[in-house]
Amino acid sequence: MPLNDERPTSTSSGEDQGSDVESSSERCDSMTSTSDLDCSRESFTSDCSSKQSTPSSSPPKTLTLDEVMNSARDLSDLSLAHEIIVDRSFHLEPATLPQDSLWKLVREKVHMAFWDILESELNDDPPEFGQAIRLLEEIREILLSFLNPGANRMRTQIMEALDMDLIRQQAENDAVDIQGLAYYIITTMGKMCAPARDEEVKKLREKTDNMVTLFKEIFRVLDLMKMDMINFTIENLRPALQRQCVEYERAKFQSILDKTPRALDHTTSWIKSSLQELLSATNPKDQGKGLQVLPGPFLVLNTAFLHILTWDYKSPLPETMMTDESRLREIQCQLQQCQAVNEVLLIVYSAIGGPIQGLPSLSDRLKRMISVLLDGMHSPDFNLEEALEGASGQICCELNKSLTERNYPALTPAMQATLTGQICCITQKDNPIRSLVEERVQQYFMALLVDPKPLTKLEQVLPAGLNAIKPELASLGAKYIYLVNYNKSVYGPFYSDILKKLMFSNVPPVPSPPQDSAQDPVVSN
């Protein structure tokens, strides 16, 4: 399983063919030369690419319910496979329903009715075994599901010990040994369960006084064993998925695209907005000379990925990024908190100056203090301005303690009030310190995006003014670049197709003024 700071590996040639956007990203800043321009234009306008690396989409059509359901299943498979590949700690947990929810209430009532019927039947004279036989049959199927295909001996033993036809005949003659069957089931569970469940199975042997309670506990432990088996299967499946991850995810997404032709609408809009942003920033002098100035396709794509860091999740993510939404949200929240910590520290050090320079222990204490006080700043009920005001008071106390220990005068009330006001102002979007930090963080991530080997330069490309959060930025940078690189390797052909249509099919030439002779179009960054 690849870690967040390393690339996924694939032994197939399809990944190499499908990763043309990623493998060529090192040319992002050097596309103004003639050879690079020709190569770039050819790669994005050629119709001779192989079927493996060129996605296809069906013409618009009305979808049937079956097609919608099939697409939903494909998306579910894609999401599950992606989680297994990207998240090394991914595993399933037993489902827990919200307390006092209607579904939880209904389930509890149905289960209670079932167990009440079982208890009533077993207490009859003579006892009835209808419910008990259904339970035994279900338990037998669960035990058989735990077996490997080659475990024929154990399968035969279970089928003989829990022979439903024989048990029904015994029930007709009031000769069913429920306790003996329960003991056999518990013994078999002990042979099959993971070591972590040994204690649970041991406790089952102590509950033989009440058969209804015993069967309840047997099913509870069987549910845990089923979850263990699923997670064991996931662990065994992970290496195979890693070898074929890119091809599998790409094929699944292509299947979704075939059934849902508009499955790339948000992705197209996302890339188009980045292209329009770069076109609007084009040098007006070049347009005045009659040149059709297009940004490089890799610059367009990297700019689009940069926007994900500041994405407003009120709008839907690009379809190609949805499987990573939770990870992207987490990175965004951590990044914004790091930025806030850095902004506060910049204000403190610029306001106080020399007396607190060159004191790494003080800087670390202030950083930890601010980080703790701003923890959870993205919660809906979190009052950021109030938290910053509280942090300012703590900072002033820490500064006064440090200053007086080294025979410097403590901060006056007026200076403390000024410092508190400056710190609280970072809640304003147009605050100059906030704008400066956000701009340099964007520069840092863009430098990682355009570098062909970004993981080797996580701390080398750090802009000035961000040293206080260098370790955090390096960690977030490694996580983000891993997600981006993997995303490019999977969806590169789809991005290429979109960029080809946007840049070389639908962009009209810029009209030239009459006084200048028309020139051939060029592409530049």
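Rules and cut-offs
Residues numbered from 1 in each chain as written. Predicted model: local features only at pLDDT ≥ 70, side-chain atom pairs only at ≥ 80, totals over all residues. Heavy atoms only, no water. Axes fitted to C-alpha atoms, helices over the stretch in contact; angles between N-to-C directions. Helix = DSSP H or I, 4+ residues; strand = E, 2+ residues; numbered from the N terminus. Parallel < 35°, antiparallel > 145°, perpendicular 65-115°, else oblique. Left-handed = near helix turned anticlockwise from the far one by under 90°. Contact = heavy atoms within 4.5 Å. Nonpolar A, V, L, I, M, F, W, Y, C, P; charged D, E, K, R; others polar. Core = buried A, V, L, I, M, F, W, Y, C linked by side-chain atoms within 4.5 Å. Buried < 20%, exposed > 50% of the residue type's maximum accessible area, 1.4 Å probe, protein only.

Caption draft 1: Representation of the packing of helix α15 (residues 325-352) against helix α20 (residues 470-504) within the structure. Look at α15 against α20: their axes get within 11 Å of each other, and the N-to-C directions meet at 155°. When the axes of α15 and α20 are compared, the pair comes out roughly antiparallel. With respect to the hand of their crossing, α15 and α20 are arranged in left-handed fashion. Between α15 and α20, the residues in contact are R327, L328, I331, Q334, L335 and C338 and E472, L473, L476, K479, Y480 and L483, respectively. In terms of residue class, the contact of α15 with α20 is built from eight nonpolar, one polar and three charged.

Caption draft 2: Inspection of the nonpolar core at higher detail. By size, the foremost hydrophobic cluster in this structure holds 60 residues, and its most contacted members are I271, F305, F445 and Y480. Of all the elements in the fold, those that place two or more residues in this core are α11 (211-259), α12 (265-280), α14 (297-308), α15, α19 (432-450) and α20. Per-element tally for this core: the top contributor is α20, with 19 residues. Beyond its immediate sequence surroundings of up to four residues, I271 is in contact with V300, L301, Y495, I498, L499 and L502. One finds I133, M164, F215 and V221 within the second-largest nonpolar core, a separate group that totals 37 residues.

Caption draft 3: Representation of unusual backbone geometry within the structure. A positive phi angle is found at D174, which is not glycine, with a value near 55°. D174 gets classed as partly exposed once you look at its relative accessible area, which sits at 44%. Here N407, not a glycine, exhibits a phi torsion of approximately 65°, which is positive. On the secondary structure map, N407 appears in the loop between α17 (384-405) and α18 (413-424). Of the residues examined, N407 reaches a relative accessible area of 73% and is grouped as exposed.

All quantities given are derived from atomic positions and should not be read as evidence of function.
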